[in-house]
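# Reading the structure
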Amino acid sequence: MQELLSCTNVVFHCAATVRFNDSLRHAVQLNVTATQKLLLMASQMPKLEAFIHISTAFSNCNLQHIDEVIYPCPVEPKKIIDSMEWLDDAIVEEITPKLIRDWPNTYTYTKALGEMVVHQESGNLNIAIVRPSIVGATWQEPFPGWVDNVNGPSGLIIATGKGFLRALRGAPMAVADLIPVDTVVNLTLAVGWYTAVHRPKSTLIYHCTSSNFNPCHWGKMGFQILATCEKIPFERAFRRPYADFTTNTITTQYQNAVSHWAPAIIYDLYLRLTGRKPRMTKLMNRLLRTVSVLEYFVNRSWEWSTNNTEMLMSELSPEDQRVFNFDVRQLNWLEYIENYVLGVKKYLLKEDMAGVPEAKQHLRRLRNIHYLFNTALFLIAWRLLIARSQMARNVWLFIVSLCYKCISYFRASSSLKA
Ligand SMILES: CCCCCCCCCCCCCCCCCCCCCCCCCCCC(=O)SCCNC(=O)CCNC(=O)[C@H](O)C(C)(C)COP(=O)(O)OP(=O)(O)OC[C@H]1O[C@@H](n2cnc3c(N)ncnc32)[C@H](O)[C@@H]1OP(=O)(O)O
Ligand SMILES: NC(=O)C1=CN([C@@H]2O[C@H](COP(=O)(O)OP(=O)(O)OC[C@H]3O[C@@H](n4cnc5c(N)ncnc54)[C@H](OP(=O)(O)O)[C@@H]3O)[C@@H](O)[C@H]2O)C=CC1
């Protein structure tokens, strides 16, 4: 502690819980109380030049247009921190929806409280806040497509590529505000420099977002994920990668029943029959739970103003602009998403490119099973229909006699030619 207090020049405060379903108590402890404690610690650092707090562009996702300002919270963070000390878990759980109001989860709510704490307790510290949007794989550094966790889209890319996720409630034309992690790092370092050297009079907030500079939509992103998974498939897929966005509750429930639950139940039945432990329904349950907490962000678009980020870009020398590049106008989304999917394959699934031919072969087998299954299903349904309906029998007789006539006609005409 003594060494940290006496030697630290710059604090980059990234630690947080990013789980959307964390209990309010735990989220407050990590994202609010810890911020307060770190600010206190920072105030005892004589050599400190700058304190950079990492928040999220979604800390005010209850608003549609978000400026580079701190918005007041309905309940003072100090009151929330105090109440967490004496309320028991059951009561905290009960009042959580009332406290978080129109925030979608405890994560975004406590990140907003964290910003408020930074604003109120900054004292004489030289502070800035960086708000990244949805952090994705690297764009350039150390190499394209590097990723090390399943947060944000990465987990759903796996689920799509392996054929588990077939439908997602989302708006294809909504803006997918993704930002590569190396861009976030570059901007954060540049903010550290600017805050320490220029010492702005007030706390500056920097939106580390892409939509203002180079917008991409979920439809385009989903399309490119599927195209890449087709070209370079993941190994041992459950089904062929295919997915679509659904737009209302009925189609979502239909897709969940037909495309998610039914195959999982059938597969588990097959595992049971072959003496193995069923696991697919459990996995599907977990996937659909994850989808349900993420889909809020795939159904809406936000606008973030980026004046401070643009100002920072113009303050950097041409050489620094190159080294600490955070200008996403140069980003080619299709190339980036392809590299992202390949990064997921390589760094998260630990799959080798040497396995691609076998993965393609596996997809072909799955396609044949799919055709076979659909044909069998159609024949069974048709047989049942014929057994029960006179009209279906008539249609069937008509088709058979038509086929018979066609065959006779072609036979007759070919024997005439001969
Ligand atoms: C025009 C028409 C064109 C049509 C074209 C065709 C369209 C095709 C469509 C194709 C669709 C393709 C898919 C597109 C991808 C869309 C992705 C959208 C994602 C949007 C994300 C937005 C996030 C924005 C947030 C704001 C940014 C931030 O500030 S925060 C950082 C983000 N935080 C997170 O992502 C955390 C999320 N995780 C959680 O909250 C929790 O983990 C959980 C609620 C998901 C689960 O919690 P639980 O307590 O149940 O369990 P836990 O122990 O935590 O985990 C259990 C297992 O689940 C795994 N896990 C965790 N997170 C994810 C995840 N994101 N995806 C998948 N799996 C996940 C975790 O590793 C655990 O696994 P095991 O260890 O194996 O048990
Ligand atoms: N991922 C995203 O899409 C976005 C993330 N952010 C923000 O970026 C920051 C980093 O997030 P991200 O990298 O995604 O999340 P991770 O969960 O990967 O990283 C969180 C970090 O916090 C540390 N941490 C968690 N709890 C504690 C604790 N009690 N004490 C000390 N350290 C702790 C973890 O340490 P350890 O590894 O040791 O557990 C880890 O290094 C967060 O502030 C998040 O809000 C903002 C916008 C988007």
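Nothing here was measured: the structure is a model prediction, and the numbers come from that model. (Residues numbered from 1 in each chain as written. Chains lettered and ligands numbered in written order. Predicted model: local features only at pLDDT ≥ 70, side-chain atom pairs only at ≥ 80, totals over all residues. Heavy atoms only, no water.)

### Considerations on the UniProt feature "transmembrane region" (unreviewed entry) in the chain
Test applied: UniProt positions are given in the numbering used here, feature names are shortened, and annotations may be inferred rather than shown by experiment. The numbering of helices and of strands both runs from the N terminus, where a helix is a DSSP run of H or I of at least 4 residues and a strand a run of E of at least 2.
Per the UniProt entry, the sites bearing "transmembrane region" (unreviewed entry) are residues 369–386 in this numbering. Across residues 369–386, the secondary structure splits into 100% helix and 0% strand, with the terminal C-alpha atoms separated by 26 Å.

### Some thoughts on the site of ligand 1
Where we set the bar: The near set for a molecule or strand comprises every residue that places at least one heavy atom within 4 Å of it. The definition of a polar contact used here is a pair of N or O atoms within 3.5 Å, where within protein one atom must be able to donate a hydrogen and the other to accept one, and adjacent residues in sequence count solely through side-chain atom pairs. Here, Shrake-Rupley sampling with a 1.4 Å probe gives the accessible areas, and only protein chains in the shown set may cover a residue. Think of it as three bins: nonpolar holds Ala, Val, Leu, Ile, Met, Phe, Trp, Tyr, Cys and Pro, charged holds Asp, Glu, Lys and Arg, and polar takes everything else, Gly as well.
Surveying the vicinity of ligand 1 reveals 31 residues, the closest of which are R19, F20, Y107, G152 and R289. Here an oxygen atom of ligand 1 sits 2.7 Å away from a polar atom, N or O, in the side chain of R19. With the chains in place, 76% of the 1,600 Å² that ligand 1 exposes on its own is no longer accessible. Among the residues forming the shell around ligand 1, the class breakdown is 17 nonpolar, ten polar and four charged.

### Considering the UniProt feature "domain: Fatty acyl-CoA reductase C-terminal" (unreviewed entry) in the chain
As recorded in UniProt, the feature "domain: Fatty acyl-CoA reductase C-terminal" (unreviewed entry) lies at residues 260–351. Between the first and last C-alpha atoms of residues 260–351 the distance is 25 Å; the span itself is 65% helix and 2% strand.

### A closer look at empty space enclosed by the protein
What counts here: Only protein atoms enter the 1 Å grid, on which a cavity is a set of points fitting a 1.4 Å probe that cannot get out and a pocket is an open set with protein on both sides within 12 Å along at least 5 of 7 lines, lining residues being those with an atom within 4 Å of a point. Grid points are joined across faces, edges and corners, and a volume is the space filled by probe spheres set on the points.
Under the definition given, this model contains one cavity of 30 Å³ or more. Roughly 40 Å³ of volume is contained in the largest cavity. As for the largest cavity, its lining consists of I179, T183, L187, H207, C208, T209, F213, T309, F326 and V328. Contributions of two or more residues to the lining of the largest cavity are made by α7 (181–198) and β8 (204–208).

### Looking at the pairing of strand β1 (residues 10–13)
Quick reminder of the rule: Buried residues are those whose accessible area, probed at 1.4 Å on protein chains only, stays under 20% of the maximum for their type, while exposed residues exceed 50% and partly exposed ones sit between those limits. Between any two strands, at least two bridges found by DSSP are needed for them to pair. Handedness of a crossover is defined as follows: orient the strands so they point away from the viewer, and if the path from the first strand over the helix to the second runs clockwise, the crossover is right-handed.
Burial of β1 is one-sided: the residues V11 and H13 facing one way are buried, the residues V10 and F12 facing the other way are not. Bridge count for β1 against strand β2 (residues 50–54) is four bridges, and the pairing is parallel. When the bridges of β2 are listed, F12 appears paired with I52. As for the winding sense of the linkage, the β-α-β connection from β1 through helix α2 (residues 24–42) to β2 is right-handed.

### As for the layout of surface pockets
Roughly 940 Å³ of internal volume is contained in the second largest pocket. In terms of lining residues, the second largest pocket is bounded by 24 residues, among which F238, R239, P263, L366 and I369 are the most central. Listed by contribution, the elements that provide at least two residues to the lining of the second largest pocket are α9 (249–273) and α14 (356–388). Ranked by the residues each element gives to the lining of the second largest pocket, the list is headed by α14, at eight residues. Classifying every residue of the lining of the second largest pocket by side-chain character gives 14 nonpolar, three polar and seven charged.

### Considerations on the site of ligand 2
Looking at ligand 2, there are 16 residues lining it, with C14, Y107, K111, S133 and V135 nearest. At a separation of 3.2 Å, an oxygen atom of ligand 2 approaches a polar backbone atom of A16. Within the side chain of K111, one N or O atom sits 2.9 Å away from an oxygen atom of ligand 2. For the shell around ligand 2, the secondary-structure elements that each account for two or more residues are α5 (106–120) and β5 (134–136).

### Details of the sheet that holds β1
Cut-off, in case you're wondering: Think of each axis as a best-fit line through the C-alpha atoms, taken over the contacting stretch in the case of a helix, with angles from 0 to 180 degrees between the N-to-C directions. Any two residues whose heavy atoms approach within 4.5 Å are treated as being in contact.
Across the sheet, four strands lie side by side as β1-β2-β4-β8; this open sheet has parallel pairing. The strands lining the two open edges of the sheet, one partner per strand, are β1 and β8. When strand polarity is set aside, the average angle formed by the axes of neighbouring strands in this sheet is 15°. Pairing of β2 with strand β4 (residues 127–132) involves four bridges; the strand directions are parallel. Among the inter-strand pairings, F51 is bridged to a residue of β4, identified as I127. Where α7 meets the sheet, it contacts β1, β2, β4 and β8, and its direction lies at approximately 150° from that of β2.

### Some words on the pairing of β4
Burial analysis of β4 places six of its six residues in the buried class, which makes it a mostly covered element. Of the two faces of β4, the one lined by I127, I129 and R131 and the one lined by A128, V130 and P132 are each fully buried. As paired strands, β4 and β8 are joined by five bridges and run parallel to one another. Opposite I129, over in β8, you have I205 as the bridge partner.

### With respect to the packing of α9 against helix α10 (residues 280–294)
Short version of the rule: Roughly parallel refers to an angle under 35 degrees, roughly antiparallel to one over 145, roughly perpendicular to one between 65 and 115, and oblique to any angle outside these ranges.
Here α9 crosses α10 at 155°, and the two axes come no closer than 8 Å. The orientation of α9 with respect to α10, classified from their angle, is roughly antiparallel. Contacts between α9 and α10 involve N256, H260, W261, A264, I265, Y267 and D268 from the former and M280, T281, M284, N285 and L288 from the latter. Looking at the contact of α9 with α10 residue by residue, the class counts come to seven nonpolar, four polar and one charged.

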